[in-house]
Amino acid sequence: MCVFDDKKSLFHFAAGMIAAMIGIASIIFIALFVFYQIREKENDLNKLGDFIEFLLGYSYGLAVRAGL
C-alpha cells in the first residue's frame, strides 16, 4: 500500500479538506468519494491508501476549521 504515490493523491487530500470545511453537507461529499473509489480500477491496497489520504485531508480540514 502506498500513500501519496501519484498526482491523484493531492486530489484525495484536497477532497478530504473540502469535505471537512463544508459542514453538514460533508456527508454527501464523503459518499461521492466512496462511490468514486468503488468504481475506480485499482487494487484494494491502493484504494485503502486513497482512503487514508482522504482521511488525512479530512483531519487537517477539521483542524483548520476549528482554528488549531
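The structure displayed is predicted, hence computed values, not measured ones.

Student: What am I meant to see in the packing of aromatic side chains here?
Tutor: Tallying each qualifying case throughout the model produces seven aromatic pairs. A centroid spacing of 4.3 Å and a plane angle of 15 degrees characterise the contact between Phe-33 and Phe-54, whose relative ring orientation is stacked. Residue Phe-33 is located in helix H2 (residues 26-39), and its partner Phe-54 is located in helix H3 (residues 44-66); the two are separated by 21 residues in the primary sequence. Note on accessibility: Phe-33 and Phe-54 belong to one class, buried. Between Phe-54 and Tyr-58, the ring centres sit 6.4 Å apart and the planes meet at 25 degrees, which makes this aromatic pair stacked. One end of the pair, Phe-54, and the other, Tyr-58, are both in helix H3, four residues apart, so they sit about a helical turn from each other. With relative accessibility at 4%, the residue Phe-54 sits in the buried group. Through a chain of ring-to-ring contacts, three or more aromatic side chains come together here, namely Phe-11, Phe-33, Tyr-36, Phe-51, Phe-54 and Tyr-58.

Cut-offs and rules
- Residues numbered from 1 in each chain as written.
- Predicted model: local features only at pLDDT ≥ 70, side-chain atom pairs only at ≥ 80, totals over all residues.
- Heavy atoms only, no water.
- Phe/Tyr/Trp six-rings, centres within 6.5 Å; stacked < 30°, edge-to-face > 60°.
- Helix = DSSP H or I, 4+ residues; strand = E, 2+ residues; numbered from the N terminus.
- Buried < 20%, exposed > 50% of the residue type's maximum accessible area, 1.4 Å probe, protein only.

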